[in-house]
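What follows is the residue order along each chain.
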Amino acid sequence: MTAVGLDGITTYAEGLDHPEGVAVAADGTVWAGGESGQVYRIDDGSPVEICSTGGFLLGLALDGNGLVYACDVQRREVLRVDASTRTVTTYSAGAPGSPFRNPNFPVFDDAGNLYVTDSGRWKADDGDIKVIRPGGATEVWSRAVPRFPNGACLSAGGDALLVIESLWPGVSRIPIRADGSAGAPEPLCELPDTVPDGIAVDESGGFYVACYRPDRVYYVDDAGRVEVFAEDPQGTVIAAPTNVVFTGADRRTMVIGSLGRWHLAAVQVGVPGVRLRFPVLA
């Protein structure tokens, strides 16, 4: 991994409302959310507002039908957005006896299970991970990473969920057992004096971590070595970087959310990102 200077980071799109959530569709199109519930599709560098949930969007994911699944922290729901009809419906309000309190980031697996970090209350160490099965039935999947679970992604092989705990702060790997249940978490790296937020894996087995504080993106290789990939002391080019995704024909364009400003940043990376899962749901 080679660190990149600020002159190597470009603006992917501008004119968004503090975009924390950023996601990519099966065709490589980038989507983002806004702090007033806006759902944006990025068309040739320009954000097009498809609709609004009326809440505050955090993480997003898309299925194989192109439907958007959005974590709305104000509505405390995971919402499903049909861009073709501009309709918003509730996909899940949480598990029986355990409603969503702070739904933060969604991750699909091949079978259509949607893993959602529920961060809980700040500094209360009461977060969990829920799983929404195809059709909407929801259960608590793991309570083993309670320190504000935030960004997440599948491992390259799809056999584990990598989860950030913003108030640990660090990253853990939770195995997905053959029966679909959660294994015991394995710590992968600690990131002292940071507030990590988003994570994405590349094809070498390493992963990038974007930090809400400071304005920095780390790279962690498959041996667990942590390096600074990019940082911005002034917080204008990468500004409270949050979620990160890969797009482009070769998945070498990394797009970075900027909760602190009004744009998405982009940088070219040497190793392609792992292709996300896009299950086709009924």
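Everything below is about the structure printed above this text.
Residues numbered from 1 in each chain as written. Predicted model: local features only at pLDDT ≥ 70, side-chain atom pairs only at ≥ 80, totals over all residues. Heavy atoms only, no water.

## A closer look at unusual backbone geometry
Inference 1: Trp-168 connects to Pro-169 through a cis peptide bond whose omega is -5°.
Inference 2: Locating Pro-169 in the fold gives a position in the loop between β17 (160–165) and β18 (170–175).
Inference 3: Cis geometry is found at the peptide bond from Arg-213 to Pro-214, where omega equals -15°.
Inference 4: The topology assignment puts Pro-214 in the loop between β21 (207–213) and β22 (216–220).
Inference 5: One non-glycine residue, Arg-76, lies in the positive phi region at around 60°. (Helix = DSSP H or I, 4+ residues; strand = E, 2+ residues; numbered from the N terminus.)

## Observations concerning the pairing of strand β14 (residues 128–132)
On a regular strand, each side chain points to the face opposite its neighbour's, so the side chains alternate between the two faces of the sheet.
Inference 1: Extensive coverage of β14 is indicated by the burial of five of its five residues.
Inference 2: Both strand β13 (residues 114–118) and β14 contribute to a ladder of five bridges, which runs antiparallel. In the strand pairing of β14, Tyr-115 is matched with Val-131.
Inference 3: With four bridges joining them, β14 and strand β15 (residues 138–142) adopt antiparallel strand pairing. By the bridge assignment for β15, Ile-129 is matched with Ser-142.
Inference 4: Where β14 folds back onto β15 in an antiparallel hairpin, the turn is made up of five residues, including Gly-135, whose phi is positive at roughly 105°. (Buried < 20%, exposed > 50% of the residue type's maximum accessible area, 1.4 Å probe, protein only. Pairing = 2+ DSSP bridges.)

## Some remarks on empty space enclosed by the protein
Inference 1: Inspection of every chain in the model, using the stated rule, returns one cavity of 30 Å³ or more.
Inference 2: Roughly 360 Å³ of volume is contained in the largest cavity.
Inference 3: Around the largest cavity, the lining comprises 24 residues; the ones closest to its centre are Phe-105, Val-107, Ala-152, Cys-153 and Leu-276.
Inference 4: Secondary-structure elements contributing two or more residues to the lining of the largest cavity are β2 (22–24), β6 (57–62), β12 (103–108), β16 (149–154), β20 (195–201) and β24 (241–247). (1 Å grid on protein atoms, 1.4 Å probe; cavity = no way out; pocket = protein on both sides within 12 Å on 5 of 7 lines; lining within 4 Å. Points joined across faces, edges and corners; volume = space filled by probe spheres on them.)

No statement about biological role is implied by the geometric values presented.
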